[in-house]
Every structure is written in structure tokens, then in C-alpha cells.
Amino acid sequence: MKGKFKYVFFDADDTLWENEQFFRDAEESFIRLLSPYTGPEGVQQMLWDRQEENIPLFGYGSKTYMIGMSDAAMELCGGHLPAEIYHGIKKIITDLTYHEFRLLDGVEETLEALYGHYTLVVATKGDVTEQMCKFRQSGLGKYFHHVEVMENKCEQNYLELAAKHDIAPQQLLMVGNSVKSDIAPVINVGGTAINTPHNVVWVHEMMDMPESDRITVVKSIKDIVNFLL
Ligand SMILES: [Mg+2]
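Analysis parameters
- Residues numbered from 1 in each chain as written.
- Predicted model: local features only at pLDDT ≥ 70, side-chain atom pairs only at ≥ 80, totals over all residues.
- Pairing = 2+ DSSP bridges.
- Helix = DSSP H or I, 4+ residues; strand = E, 2+ residues; numbered from the N terminus.
- Axes fitted to C-alpha atoms, helices over the stretch in contact; angles between N-to-C directions.
- Contact = placed C-beta atoms within 7 Å.
- Expected span 1.5 Å × (residues − 1).
- Buried ≥ 20, exposed ≤ 12 C-beta atoms within 10 Å, placed from the backbone.
- Arc of directions from axis to C-beta.
- Core = buried A, V, L, I, M, F, W, Y, C linked by C-beta atoms within 7 Å.
- Right-handed = clockwise from strand over helix to strand, strands pointing away.
- Parallel < 35°, antiparallel > 145°, perpendicular 65-115°, else oblique.
- Left-handed = near helix turned anticlockwise from the far one by under 90°.
- Domains from an automatic or database assignment.
- Nonpolar A, V, L, I, M, F, W, Y, C, P; charged D, E, K, R; others polar.

Here the focus is the sheet that holds strand 2 (residues 119-125). On the basis of which strands lie adjacent, the open sheet formed by six strands has the order 3-2-1-4-5-6 and parallel pairing. Whereas interior strands pair on both sides, the edge strands pair on one side only; in this sheet they are strand 3 (146-150) and strand 6 (215-217). Neighbour to neighbour, the strand axes of the sheet diverge by 20° on average, direction disregarded. Pairing of strand 1 (residues 7-10) with strand 4 (residues 173-176), which is carried by two bridges, proceeds in the parallel orientation. Residue pairing in the sheet places Phe9 in a bridge with Met174 of strand 4. Across the face of the sheet, helix 8 (residues 179-188) comes into contact with strand 2, strand 4, strand 5 (192-195) and strand 6 while running at roughly 155° to strand 5.

Glancing now at helix 1 (residues 20-34). Counted at 1.5 Å a residue, the expected span for helix 1 with its 15 residues is 21 Å, and the 21 Å between its end C-alpha atoms agrees. Every buried residue of helix 1 is accounted for by Ala26, Glu27, Phe30 and Leu34. Relative to the axis of helix 1, the buried residues are bounded by an arc of 105° and lie together on one face. On its buried face, helix 1 sits against helix 2 (40-58), helix 3 (62-76) and helix 4 (83-97).

Among the nonpolar cores identified, the biggest contains 29 residues, and Val8, Phe9, Phe10, Leu172, Met174, Val175 and Val186 are the most heavily contacted of them. Those elements that provide at least two residues to this core are strand 1, helix 5 (107-114), strand 2, helix 7 (155-164), strand 4, helix 8, strand 5 and helix 9 (224-228). Those residues in contact with Val186 that lie beyond four places of it in its chain are Tyr158, Leu172, Met174, Gly191 and Ala193. Judged by nonpolar contacts, the second largest core, of 16 residues, contains Phe30, Leu47, Ile92 and Ile93.

Neither face of strand 5 is open: one carries Thr192 and Ile194, the other Ala193 and Asn195, and all of them are buried. Pairing analysis gives four bridges linking strand 4 to strand 5, with the strands arranged parallel. Within strand 5, the residue paired with Val175 across the bridge is Ile194. In this view, the connection linking strand 4 to its parallel neighbour strand 5 by way of helix 8 has right-handed handedness. Relative to strand 6, strand 5 runs parallel, the two being bridged by three bridges. In the strand pairing of strand 6, Ile194 is matched with Thr216.

Another aspect to go through is unusual backbone geometry. The phi dihedral of Asp14 is positive, around 65°, even though this residue is not glycine. Here Asp14 lies in the loop between strand 1 and helix 1. In the Ramachandran plot, Asp166 falls in the positive-phi region, its phi being about 60° despite a non-glycine side chain. Along the chain, Asp166 turns up in the loop between helix 7 and strand 4.

Taken N-terminus to C-terminus, the directions of helix 3 and helix 4 make an angle of 155°; their axes are 10 Å apart at the nearest point. Judged by the angle between their axes, helix 3 and helix 4 are roughly antiparallel. Note on packing geometry: the crossing formed by helix 3 with helix 4 is right-handed. Listed contacts from helix 4 to Ser62, Tyr65, Met66, Met69, Ser70 and Ala73 of helix 3 are Ile85, Tyr86, Ile89, Ile93, Leu96 and Thr97.

You can read the domains of the protein chain as domain 1 (7-17 + 102-228) and domain 2 (20-97). Domain 1 and domain 2 are separated by 28 Å when their C-alpha centres are compared. Across the boundary between the two partners, domain 1 contributes eleven residues, which contact eleven residues of domain 2. Of the residues contributing to the side of domain 1 that touches domain 2, the split by class is four nonpolar, three polar and four charged.

Quick look at the environment of Gln131 now. Following the sequence through the fold, Gln131 ends up in helix 6 (residues 128-138). Here the alpha-carbon distance between Gln131 and Val149, two residues 18 residues apart in the chain, equals 7.2 Å. Those residues in contact with Gln131, other than ones at most four positions away along the chain, are Ala12, Thr124, Gly126 and Val149.

Rendered as C-alpha cells:
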């Protein structure tokens, strides 16, 4: 990979900073809140189903999660949403939105090593306000040339990302934790990807790793330096 790329694109959630664990904690709080109405598995499945319906309509992020939780709760409560359940959901989402910020291990030293050798770009998806707020909290602004909050991470979105930076799709080098969002679509448009697996994976993002010699899997984000410098 050395000398082959000018840009390195980084996913953000669960690649640069902790994210999914906080959503998982929120999900557990929601299950506890609604478990008097049905078993935990039923609450969880209902939440996943309603969330999948709402993502195409409202995008990613905690506000969409609030709608998904409200829809699931309404259905579990027989069509009437009690005020205490609504306020319980709002508290869960507020806690999720204002959780402590946690940078992942090795991120800062990796960016510091790469800075000056590559143009570093954040390529995240989600709610613009939420993602930019997390980016500011991260203190990583000094390393990045640019932040892209993408509408989604499908092939078309990566083609648009390449075009925006005036590079061919084959010159895309993406680093990220999600096989579905950061690896597979980049490979499908001819790019190269480095997977930095995270121990917590959102059910929406689960996918088997495709076969390609343009994919590298590393244990820690720190290891990417060995491939790039
Ligand atoms: Mg991610």
C-alpha cells in the first residue's frame, strides 16, 4: 500500500471513538422499561424492526432511535403510549446523546504518524449535528483535512466521495470497523479497505467479510501505520 494512495478516509464511530456500546446500553435500558409488557427478546426484536423501518425515512442517529423506540413502545403497549414510558424513552435518548466521549486506543498516535504523509479525511455517516459534535469533542481536528458526513455508505456514496475529492474510485483507501459500510462497498467500486474490527457490532451492520486481496484486517488501528509508512 505504501506510496499508492494520497488520501486516507477514516470511518468515525467505533473506528476513531466508542459509539455502539452506548447504543447497546440504551437498548438495554429500553428493554428494562418495556419488559413488563412482553419478554426481553420480544422488546428487542420489536425495536430492531421499527428501527429498520425508520432509518430509510429519517437517517441514522439518536433522534431516529427515539422514533423507533416510540413506535416499538406504542405497539407493545397496545396502541397507547403511557406518559411515563414516553418520558422514560426521552431520558434514555438524552443519556445516549450526552454520554461521555471516549476516543479509542491508538487513534491519536496513528493519526499523528500519518499526518503530513497523507491527506486524512473523516468519512462518517449519520446525523450531521451529532457527528460534527462528536468530531469537535474528539480534538482530532488538527489531523484532518476534511469531514464528510455521508448520507449513507453504499457504492454510489463512495463514488460521489471519490469524485468530490477528484480521485478515481481505485484511489479510495478506507479504514473502518464495519464490513457492510466501510469495507464491502469500497471494494465493490474498486477501492482498497483496511478493517479495524470493534468488539461491539450493530445488528444492522452485520455482514460476512467479502473475499478480496484489497482488504487488510488489522487487530488495532495502530497496525495500519506498518502498511502505510
Ligand atoms: Mg463505524
